[in-house]
Amino acid sequence: RYRNFEDALAMADDTRYGVGSAQTNIKEIAHAMCTAVKAFKLGLTSSVIIPAMRDDPHGAFNNMTQLEANVLALGKIFDAFMADCAAIPDPSGCGKMLSDGVVFTIHGDTPKAPNNRNGWPDGTPNNSNWLYVFGNGFLKTGWFGGVDANNAVTGFDPATGNAVPGQGSGVTAQAAAAAAAYAVAKGDMRRVQDF
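Rules and cut-offs
Residues numbered from 1 in each chain as written. Predicted model: local features only at pLDDT ≥ 70, side-chain atom pairs only at ≥ 80, totals over all residues. Heavy atoms only, no water. Helix = DSSP H or I, 4+ residues; strand = E, 2+ residues; numbered from the N terminus. Buried < 20%, exposed > 50% of the residue type's maximum accessible area, 1.4 Å probe, protein only. Contact = heavy atoms within 4.5 Å. Areas by Shrake-Rupley, 256 points an atom, 1.4 Å probe, with all protein chains shown as cover. Lys, Arg positive; Asp, Glu negative; His and termini not counted. Charge placed at Lys NZ, Arg CZ, Asp CG, Glu CD. Patch = residues over 30% accessible without salt bridge, like charges linked within 9 Å, V, L, I, M, F, W, Y side chains within 5 Å. Salt bridge = Lys/Arg side-chain N within 4 Å of Asp/Glu carboxyl O. Expected span 1.5 Å × (residues − 1). Pairing = 2+ DSSP bridges. Core = buried A, V, L, I, M, F, W, Y, C linked by side-chain atoms within 4.5 Å. 1 Å grid on protein atoms, 1.4 Å probe; cavity = no way out; pocket = protein on both sides within 12 Å on 5 of 7 lines; lining within 4 Å. Points joined across faces, edges and corners; volume = space filled by probe spheres on them. Axes fitted to C-alpha atoms, helices over the stretch in contact; angles between N-to-C directions. Parallel < 35°, antiparallel > 145°, perpendicular 65-115°, else oblique. Nonpolar A, V, L, I, M, F, W, Y, C, P; charged D, E, K, R; others polar.

**Concerning the overall build of the chain**
Here's step 1: From N to C terminus, the chain includes five helices and five strands.
Here's step 2: Listing the helices and strands of the chain from first to last along the sequence gives α-α-α-β-β-β-β-β-α-α.
Here's step 3: Its C-alpha atoms give the chain principal-axis dimensions of about 55 × 45 × 25 Å.
Here's step 4: The buried share among the 195 residues of the chain stands at 23%.
Here's step 5: Considering only contacts within the chain whose residues lie at least 6 apart along the sequence, 50% involve residues at least 24 apart.
Here's step 6: When the accessible area of the chain is evaluated, it comes to approximately 12,500 Å², of which 53% is carbon and sulfur surface.
Here's step 7: If you average the places of the 15 positive and of the 18 negative side-chain charges in the chain, the two averages end up 7 Å apart.

**Considerations on a nonpolar patch on the surface**
Here's step 1: Together, I106, Y132 and W143 make up an exposed nonpolar region whose accessible area comes to about 340 Å².
Here's step 2: Using a relative accessible area of 52% as the deciding quantity, one classes W143 as exposed.

**Considerations on unusual backbone geometry**
Peptide bonds are, in most cases, trans, and in most cases residues other than glycine have a negative phi.
Here's step 1: Positive phi, normally seen in glycine, also occurs at R54, with a value near 45 degrees.
Here's step 2: Positive phi values are uncommon outside glycine, yet K186 reaches one of about 55 degrees.
Here's step 3: You can see K186 is positioned in the loop between α4 (173–184) and α5 (189–193).

**Topic: α4**
Note on helix geometry: an α-helix contains 3.6 residues per turn, so any two residues three or four positions apart are oriented the same way.
Here's step 1: Relative to the 16 Å expected for twelve residues at 1.5 Å per residue, α4 spans 17 Å between its end C-alpha atoms, a close match to the ideal helical length.
Here's step 2: Phi turns positive one or two residues past the end of α4, at K186, with a value near 55 degrees.

**Section: the sheet that holds strand β4 (residues 153–156)**
Each strand in a sheet pairs with its neighbour through backbone hydrogen bonds, running either in the same direction (parallel) or in the opposite one (antiparallel).
Here's step 1: Read from one edge of the open sheet, three strands run β3-β4-β5, paired in antiparallel fashion. The sheet is open, and its two borders are formed by β3 (146–147) and β5 (163–165), each paired with just one other strand.
Here's step 2: With three bridges connecting them, β4 and β5 associate as antiparallel partners. Note that in β5 the partner of T154 across the bridge is P165.

**Observations regarding the pattern of salt bridges**
Here's step 1: Counted by the stated rule, this structure contains six salt bridges.
Here's step 2: A salt bridge links D194 to R190; the nearest nitrogen and oxygen atoms lie 3.8 Å apart.
Here's step 3: With a closest N to O distance of 2.6 Å, D194 and R191 form a salt bridge.
Here's step 4: Exposure remark for D194: the relative accessible area of 45% places this residue in the partly exposed category.

**Let's talk about the nonpolar core**
Here's step 1: Grouped together as the largest cluster of nonpolar side chains are 19 residues, with contacts concentrated most on Y17, V19, M33, V37, I77, F81 and C85.
Here's step 2: Every element with two or more residues in this core is listed here: α2 (24–41) and α3 (64–86).
Here's step 3: Among all residues touching Y17, those that are not within four sequence positions of it are M11, A30, M33, C34, V37, A73, K76, I77, A80, F81 and D84.

**Description of the environment of A80**
Here's step 1: Within the fold, A80 resides in helix α3.
Here's step 2: Along the backbone, A80 and T141 are 61 residues apart, and their C-alpha atoms lie at a distance of 22 Å.
Here's step 3: Residue contacts for A80: discarding those within four places in its chain leaves R16 and Y17.

**Observations concerning the layout of surface pockets**
It is the rolling of a water-molecule-sized probe over the atoms that shows where space remains empty.
Here's step 1: Computed from the structure, the second largest pocket encloses a volume of approximately 1,100 Å³.
Here's step 2: Those elements giving two or more residues to the lining of the second largest pocket turn out to be β2 (132–134), β4 and α4.
Here's step 3: Broken down by element, the lining of the second largest pocket gets its largest block of residues, seven residues, from α4.

**Some points on the packing of α2 against α3**
Here's step 1: Relative orientation of the contacting elements α2 and α3 amounts to 5 degrees, with a least axis distance of 10 Å. With respect to their mutual orientation, α2 and α3 come out roughly parallel. Residues I26, I29, A30, M33, A36, V37 and F40 of α2 pack against N70, A73, L74, I77, F78, F81, D84 and C85 of α3.
Here's step 2: Residues belonging to the contact of α2 with α3 are distributed by class as follows: 13 nonpolar, one polar and one charged.

Here is the structure:
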């Protein structure tokens, strides 16, 4: 039998998610995350992929007021999302709240040069790339690799996490993806090895 979930998944409160006066692409993220919590609660899904921003970020630093407003709004969205998850028991029956199992990955197709605000060019030092993961306790906290103030790139040894100067992100791409998968699988290495 068909069940209509439109009312159960409807967006509830732009104000609580901090997007009452935000621009459309920020509101879209809030609406998607609010709907995701409701879908999680109903057991309709355990994973959501949300395209974010979908704008041209090259001129982001030309309007610092708007950039700061966007960053603050995104913070409020994530805070409201996690508060919603913290108030809902995990429907899997594991005895935890939804917030105990949430994992975020944030990545994009082309990061921007981190030390150059002029047009925020696409060419990153050593053609580097990065992945941000909120692993909810399943991953070691910290930054592995990076780009310093002099545009020097540092990679990392996947076995130890130790820094490797000059290493390109292509060397660690598989390890980074496996780490994110490990967090999503809640520490079940067998599931990671399946992929």
